[in-house]
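# An overview of the molecular structure
Residue-level listing of the chains:
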Amino acid sequence: MSALVKSSLARKWVMALSGLFLVVFLTQHFVINITSVIAPDTFNEWSHFMGYNPLVQYALQPVLIAGIIIHFVMGIVLEIQNNKARPIKYKSSPGNANASWVSRNMIITGLVVLAFMGLHMYDFWVHEMAYKYVEVNPEDPTRYYEETVEKFAPIWRVVLYVIAFVLLAMHLWHGFNSSFQSMGAKSVNKGEGLKKFTKVWSILIPAGFIFIALFHHLNHTN
Amino acid sequence: MKLTLKIWRQENTNAKGKMVTYQLDGVDGDMSFLEMMDILNEDLNNKGEEPVEFDHDCREGICGACSMVINGQPHGPQKLTTTCQLHMRKFKDGDTITIEPWRAAAFPVIKDLMVDRSAFDRIQQAGGYISVNTSGNTQDANAIPVEKENADEAFYSATCIGCGACVAACKNASAMLFTSAKISQYALLPQGQVEATTRVENMVRQMDLEGFGNCTNTGACMVECPKGIKLENIARMNREYLKAETIG
Ligand code: HEM
Ligand code: SF4
Ligand code: FES
């Protein structure tokens, strides 16, 4: 790790690669979640697969956790170093005249997403671990749909969910496209297509998660 | 026109500075920003006060000396313009203008608005050159074919005047736009290939040693750069760096 954080450019690569890895993960997560709206049986089936497949559990899951930790630890390291590079701040601020709010506040949107991930881990992952390894319940491939819908019944959780995903969308609005610049993609200025794709993705996927949460919340109370 | 100026005053590098407010009358719209500063200093001189120290040399946008953050923007509100080429007609009668030095740990204040930018010189010295044998049978540069597109891009990168506005504008005080421009002007030309690997490694290492921040792609540098140096240079530097670290 120390070799990785030694050069500023290597840090950019780490930030970009871990960020992109999370983008891929988020896409996969969304594809599974959306089945809870259109095909509950498929949702149960896939969730069960993700929960019990040894490759997912013992290979992908640790990689994911490592990816998240690397990303946010590096984000915090960068923030500290960057603050040190300007010990005396300006009295006057140009506001958004030269850079957008989201691009300047990745640490804020990132930390909110991190806080949400804490809640999310508690809600789903700790529960899963307890169910499987502490209570040692038998496998039940049909429980996931009901459990998920149940989670979205309380309005407070839906509100937190929506806030987190709005901030994630802001994080990705800058971050997804930015990661290609960090990796030296040639197309930054010319590649308007890639840029458009990242912007559309960064709104659509979080909006999709919000839709799923609202859908289950409204369906439950009906 | 009449202006209220809020200017950073600092005796020397180690002194604690502060903002001082001045009233200035008789400013003409056709004056440049530096001419306005000259009038202020004449005023201060006449009153027996210490004039405001600021860097300047060419006053025509080529030396990069005139470093001032004006109302939060390096080189002021007009795009693609250095402070010396900024006209007072950009401001209105009665305006309050805040003037601060470049702010970066790597650019310590020498006095008032003047900062020490020798960190840029050291980055340049670390690899911003090509070694040419000048023994008398030097090959004419024009004899080496260069693709038009690359020649143009290298030329644009080379227009960087080393003013440091990119560092001043960046919320992280990152010097990546400057460094990448200096790397790009060689990376795109055949003459630059011989030392390509060590150049990017050494220049990036020196940039880090000087205490500049990390780039987070906000793009503020490009917006404030008086020469319109493009963000694409930073992408090119990242690419060159990966190439240097992996395949050498
Ligand atoms: C699912 C969650 C997340 C995803 C998908 C994600 C994605 C990304 C991406 C793609 C980038 C751009 C990388 C680059 O510009 O080189 C980025 C940057 C960043 N992320 Fe995240 N991120 C997530 C969570 C977090 C969290 C929890 C933090 C907590 C601190 C965080 C902090 C940052 C910071 C500070 C940057 C800017 C660094 C830079 O541009 O160099 N992110 N993120
Ligand atoms: S890149 Fe632009 S802002 Fe930075 S030093 Fe060069 S000319 Fe000045
Ligand atoms: S004084 Fe030379 S660029 Fe402004």
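Residues numbered from 1 in each chain as written. Chains lettered and ligands numbered in written order. Predicted model: local features only at pLDDT ≥ 70, side-chain atom pairs only at ≥ 80, totals over all residues. Heavy atoms only, no water.

The subject of this paragraph is the interface of chain B and chain A. Many structure descriptions define interface size as the accessible area lost when the parts assemble. Listed per partner, the contact involves 47 residues of chain B and 38 residues of chain A. Of the roughly 3300 Å² buried between chain B and chain A, counting both surfaces, carbon and sulfur atoms make up 51%. The largest per-residue losses of area from chain B upon contact with chain A belong to Arg 103, Asn 214 and Asn 217 of chain B, which jointly make up 19% of the total buried on that side. For the interface between chain B and chain A, the tally reads 0 salt bridges. One can count 25 residue pairs in polar contact (both at pLDDT 80 or more) joining chain B with chain A. Broken down by element, the side of chain B that touches chain A gets its largest block of residues, 8 residues, from helix 8 (residues 232-246) of chain B. Looking at the side of chain B that touches chain A, its residues break down into 25 nonpolar, 13 polar and 9 charged. (Contact = heavy atoms within 4.5 Å. Buried area = accessible area lost by both parts, 1.4 Å probe. Salt bridge = Lys/Arg side-chain N within 4 Å of Asp/Glu carboxyl O. Polar contact = N/O pair within 3.5 Å; in protein donor to acceptor, adjacent residues only side chain to side chain. Helix = DSSP H or I, 4+ residues; strand = E, 2+ residues; numbered from the N terminus. Nonpolar A, V, L, I, M, F, W, Y, C, P; charged D, E, K, R; others polar.)

All names here are of chain B. Throughout the structure, instances matching the rule amount to 13 salt bridges over all chains. When the shortest N-O distance is used, the salt bridge between Arg 122 and Glu 210 registers 2.6 Å. Placement of Arg 122 in helix 2 (residues 118-125) and of Glu 210 in the loop between helix 6 (196-209) and helix 7 (220-224) is noted, with a sequence separation of 88 residues between them. For Arg 122, a relative accessible area of 34% puts it in the partly exposed group. Its salt-bridge partner being Glu 153, residue Lys 230 comes within 3.2 Å of it at the nearest N-O pair. (Buried < 20%, exposed > 50% of the residue type's maximum accessible area, 1.4 Å probe, protein only.)

Turning next to the packing of helix 1 (residues 8-38) of chain A against helix 7 (residues 155-182) of chain A. All names here are of chain A. At a minimum axis separation of 10 Å, helix 1 and helix 7 run at an interaxial angle of 135°. Judged on the interaxial angle alone, helix 7 and helix 1 are oblique. Seen along the crossing, helix 1 lies across helix 7 with a hand that is left-handed. For the pair formed by helix 1 and helix 7, the contact residues are Lys 12, Trp 13, Ala 16, Leu 20, Val 23, Leu 26 and Asn 33 on the first element and Tyr 161, Leu 168, Leu 172, Phe 176, Ser 179, Phe 180 and Ser 182 on the second. When the residues that make up the contact of helix 1 with helix 7 are grouped by side-chain class, the tally is 10 nonpolar, 3 polar and 1 charged. (Axes fitted to C-alpha atoms, helices over the stretch in contact; angles between N-to-C directions. Parallel < 35°, antiparallel > 145°, perpendicular 65-115°, else oblique. Left-handed = near helix turned anticlockwise from the far one by under 90°.)

Bringing the site of ligand 2 into the picture now. Taken together, 14 residues form the shell around ligand 2, and within it Cys 160, Cys 163, Gly 164, Cys 166 and Cys 225 of chain B come nearest. The residue inventory of the shell around ligand 2, partitioned by class, reads 11 nonpolar, 2 polar and 1 charged. (Near = heavy atom within 4 Å.)

Right, let's talk about the coordination of the iron atom of ligand 1 for a bit. Residues and elements named next belong to chain A. Protein-derived coordination of the iron atom of ligand 1 comes from His 71 (NE2) and His 171 (NE2), at a distance range of 2.0 Å. With 6 donor atoms in place around the iron atom of ligand 1 and angles of 86 to 180° between them, the coordination shape is octahedral. Taken together, the residues His 71 in helix 3 (residues 54-84) and His 171 in helix 7 connect sequence positions 100 residues apart. Each member of the pair His 71 and His 171 is classed as buried. (Donors = N, O, S within 2.8 Å, 3.2 Å for Na, K, Ca; no water. Tetrahedral: all angles 85-135°; square planar, octahedral: opposite > 155°, others 65-115°.)

All names here are of chain B. Under the counting rule described, the total for this entry stands at 0 disulfides over all chains. In this model Cys 221 remains outside any disulfide bridge; the closest cysteine sulfur is found in Cys 166, 6.5 Å from its own. Exposure remark for Cys 221: the relative accessible area of 11% places this residue in the buried category. (Disulfide = S-S within 2.5 Å.)

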